[in-house]
Amino acid sequence: MQPWFPPPGSTGAFFLLLLLPPLLLVPFVLLARRRHDRRTPPLRLLVVAGSGGHTTEILRLLSCLSESYSPRCYVLADSDKMSEAKIRSFEQKRAERFSNSQILCNGPGTCVPVCISALLLGLLGMKRAIIVYVESICRVETLSLSGKILYYFSDYFIVQWPALKEKYPKSVYLGRIV
Amino acid sequence: RWLRGRLWGAARSCTEGGKREPFCGEWEAVEGEPAVLSSGLSPASVPPPQIGRGALQPAPQYGPAFVRDVFRFKESLAEDLRRADLVISHAGAGSCLETLEEGKPLLVVINEKLMDNHQLELARQLHKDGHVLYCNCSTLVETLQSMDLSTLKPFPPGQPEKFALFLDKVVGFE
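Because the structure is a prediction, the values reported are computed rather than measured. (Residues numbered from 1 in each chain as written. Chains lettered and ligands numbered in written order. Predicted model: local features only at pLDDT ≥ 70, side-chain atom pairs only at ≥ 80, totals over all residues. Heavy atoms only, no water.)

### Focus on the overall build of chain B
Moving on, step 1. Of the regular secondary structure elements, chain B holds 7 helices and 5 strands.
Moving on, step 2. In chain B, which comprises 174 residues, the share counted as buried stands at 54%.
Moving on, step 3. When the accessible surface of chain B is summed, it comes to about 8,500 Å², and 54% of that surface belongs to carbon and sulfur atoms. (Helix = DSSP H or I, 4+ residues; strand = E, 2+ residues; numbered from the N terminus. Buried < 20%, exposed > 50% of the residue type's maximum accessible area, 1.4 Å probe, protein only. Areas by Shrake-Rupley, 256 points an atom, 1.4 Å probe, with all protein chains shown as cover.)

### Quick word on the interface of chain B and chain A
Moving on, step 1. Between chain B and chain A, the contact holds 33 residues from the first and 35 residues from the second.
Moving on, step 2. Taken over both partners, the interface formed by chain B and chain A buries close to 3,100 Å², and the fraction arising from carbon and sulfur atoms is 66%.
Moving on, step 3. Looking at the side of chain B facing chain A, the largest losses of area belong to Glu 121, Phe 163 and Phe 173 of chain B, adding up to 21% of the total buried there.
Moving on, step 4. Of the charged contacts, one joins Arg 60 of chain A and Glu 101 of chain B as a salt bridge, the two residues approaching to 2.6 Å between their closest N and O atoms.
Moving on, step 5. In this structure, the connection of chain B to chain A is made through 7 residue pairs in polar contact (both at pLDDT 80 or more).
Moving on, step 6. Breaking the side of chain B that touches chain A down by element, the ones donating at least two residues are α4 (93–101), α5 (119–128) and α7 (160–171) of chain B.
Moving on, step 7. Top element by residues in the side of chain B that touches chain A is α7 of chain B. It accounts for 10 residues. (Contact = heavy atoms within 4.5 Å. Buried area = accessible area lost by both parts, 1.4 Å probe. Salt bridge = Lys/Arg side-chain N within 4 Å of Asp/Glu carboxyl O. Polar contact = N/O pair within 3.5 Å; in protein donor to acceptor, adjacent residues only side chain to side chain.)

### Some remarks on the environment of Leu 45 of chain A
Moving on, step 1. When you line up the elements, Leu 45 of chain A lands in strand β1 (residues 43–48).
Moving on, step 2. Using a relative accessible area of 15% as the deciding quantity, one classes Leu 45 of chain A as buried.

### Re the confidence of the model for chain B
Residue and element names in this part refer to chain B.
Moving on, step 1. Mean pLDDT over chain B works out to 68, with 52% of the residues at or above the 70 mark.
Moving on, step 2. pLDDT under 50 marks residues 1–46. Its contacts with residues more than four places away, or in other chains, come to 126 contacts.
Moving on, step 3. If you check the scores for this complex, the pTM reads 0.66 and the ipTM reads 0.71. (pLDDT = per-residue confidence, 0-100.)

### A closer look at the packing of helix α2 (residues 53–62) of chain A against α4 of chain B
Moving on, step 1. Contact pair α2 of chain A / α4 of chain B: the axes reach a minimum separation of 7 Å and the direction vectors enclose 55°. Judged on the interaxial angle alone, α4 of chain B and α2 of chain A are oblique. On the side of α2 of chain A, the interface is formed by Gly 53, Glu 57 and Arg 60 of chain A, while α4 of chain B contributes Ala 93, Gly 94, Leu 97, Glu 98 and Glu 101 of chain B.
Moving on, step 2. Here the residues of the contact of α2 of chain A with α4 of chain B are counted per class, giving 2 nonpolar, 2 polar and 4 charged. (Axes fitted to C-alpha atoms, helices over the stretch in contact; angles between N-to-C directions. Parallel < 35°, antiparallel > 145°, perpendicular 65-115°, else oblique. Nonpolar A, V, L, I, M, F, W, Y, C, P; charged D, E, K, R; others polar.)

### Remarks on the packing of aromatic side chains
Moving on, step 1. The tally for this structure, following the rule as stated, stands at 6 aromatic pairs over all chains.
Moving on, step 2. Centre to centre, the rings of Tyr 69 of chain A and Phe 173 of chain B are 5.3 Å apart; their planes meet at 65°, and the pair counts as edge-to-face. With Tyr 69 of chain A in strand β2 (residues 69–75) and Phe 173 of chain B in the segment after α7, the pair connects residues from two separate chains. By the burial criterion, Tyr 69 of chain A is buried, and Phe 173 of chain B matches it.
Moving on, step 3. Relative to Phe 166 of chain B, the ring of Tyr 156 of chain A lies with its centre 5.6 Å away and its plane at 90°, an arrangement referred to as edge-to-face. With Tyr 156 of chain A in strand β5 (residues 156–159) and Phe 166 of chain B in helix α7, the pair connects residues from two separate chains. Judged on exposure class, the residue Tyr 156 of chain A and its partner Phe 166 of chain B are both buried.
Moving on, step 4. These aromatic residues form a ring-pair network of at least three members: Tyr 133, Tyr 151, Tyr 152, Phe 157 and Tyr 168 of chain A. (Phe/Tyr/Trp six-rings, centres within 6.5 Å; stacked < 30°, edge-to-face > 60°.)

### Some words on the side chain of Asp 155 of chain A
Moving on, step 1. Position of Asp 155 of chain A among the secondary structure elements: in the loop between α5 (145–150) and β5.
Moving on, step 2. Within the structure, the side chain of Asp 155 of chain A is placed 2.8 Å from the backbone nitrogen of Ile 131 of chain A, a separation counted as a polar contact.

### Some points on the pattern of salt bridges
Moving on, step 1. Under the defined criterion, the tally for this structure stands at 11 salt bridges over all chains.
Moving on, step 2. For Arg 124 of chain B, the salt bridge goes to Glu 141 of chain A, with nearest N and O atoms at 3.7 Å. Separated into two different chains, Arg 124 of chain B in helix α5 and Glu 141 of chain A in the loop between β4 (132–134) and α5 make up a pair that spans both.
Moving on, step 3. As a salt-bridge pair, Glu 79 of chain B and Arg 82 of chain B come within 3.6 Å of each other at their nearest N and O atoms. Here the residue Glu 79 of chain B and the residue Arg 82 of chain B both occupy positions in helix α3 (residues 78–83), the gap between them amounting to 3 residues, near one helical turn.

### A look at a nonpolar patch on the surface
Residue and element names in this part refer to chain A.
Moving on, step 1. Together, Leu 120, Leu 121, Leu 123, Leu 124 and Met 126 make up an exposed nonpolar region whose accessible area comes to about 530 Å².
Moving on, step 2. Within the secondary structure layout, Leu 123 lies in helix α4 (residues 111–123).
Moving on, step 3. Owing to a relative accessible area of 54%, Leu 123 belongs among the exposed residues under this scheme. (Patch = residues over 30% accessible without salt bridge, like charges linked within 9 Å, V, L, I, M, F, W, Y side chains within 5 Å.)

### Side note on the sheet that holds strand β6 (residues 172–173) of chain A
Residues and elements named next belong to chain A.
Moving on, step 1. One open sheet accounts for 3 strands, arranged β4-β5-β6; its pairing is parallel. Strand pairing shows two members of the sheet lacking a second neighbour, β4 and β6, which therefore form its edges.
Moving on, step 2. Here β5 runs beside β6; their pairing, made up of 2 bridges, is parallel. Looking at the pairing, Ile 158 lines up with Val 172 of β6. (Pairing = 2+ DSSP bridges.)

This is the structure in structure tokens:
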């Protein structure tokens, strides 16, 4: 009996056909991360607090958010008692304005591993999280190290000075927001 | 010339514990009574300054009418800021924003020994825009002697509502 060999050149073509559909899906998956879905509230928010001025800035950013952003989970270092106090005070004032505020404090952590984890969960199809990075107002002409990394991985990268908008064209500039 | 009124100073963040830190030079510059007098400040007008986390612990009393005590942390500095006519501070974002929003003249002191000195960018930009004076530890006294506070411009408030609107749009809340 004659052994069967596939015709020359057809093996490569066969594997290409096998791989093509998943490869074609990749750009759609990436684009889907940017799709503006209509959502209904509430939206769970994870806030990464840093030390000192970073926490002050991020609480200012949150000050005008509606109650649709609930619950708000804060990630901060165990040792960062100042940030904890500022966050509790902020949420206490919110509770006086709105009826159902919660604080969930967790830590330690920095924003880069938190965001990378969120990214991985999204890529694995387990959880879709929008990553919004707001660079500190201290950064006028250069990005922080976290900023340099997350410029490529965040969904929205916000800067607060025009010089940075020029250097990093994919960033969003809304003026000074803290 | 004599500067009337209350001077509130924040000598912060002497972070590399053990020895006296370069930023403590600001404190030393202000602490020295001859330096204070030659800068034109009235010693009686200086309320308790804030010091940050660090090894430096200035003596509670320097002179008969100068510093009585220092503090490391308060819940809120709003009251101290309201009473001040001039604030001397490091160039941290929180310190700068709080002071400028209170409408107080601000002299920021740059810590040259801080890694990559990221505070310098903000101090430089705020100075360029005419909102603050700035100097380093070694030029503090000279700056206090020669400064003209009337050249400082008001600092417009930030607009966090723009961030809220932006976020509502991108998450799909309409």
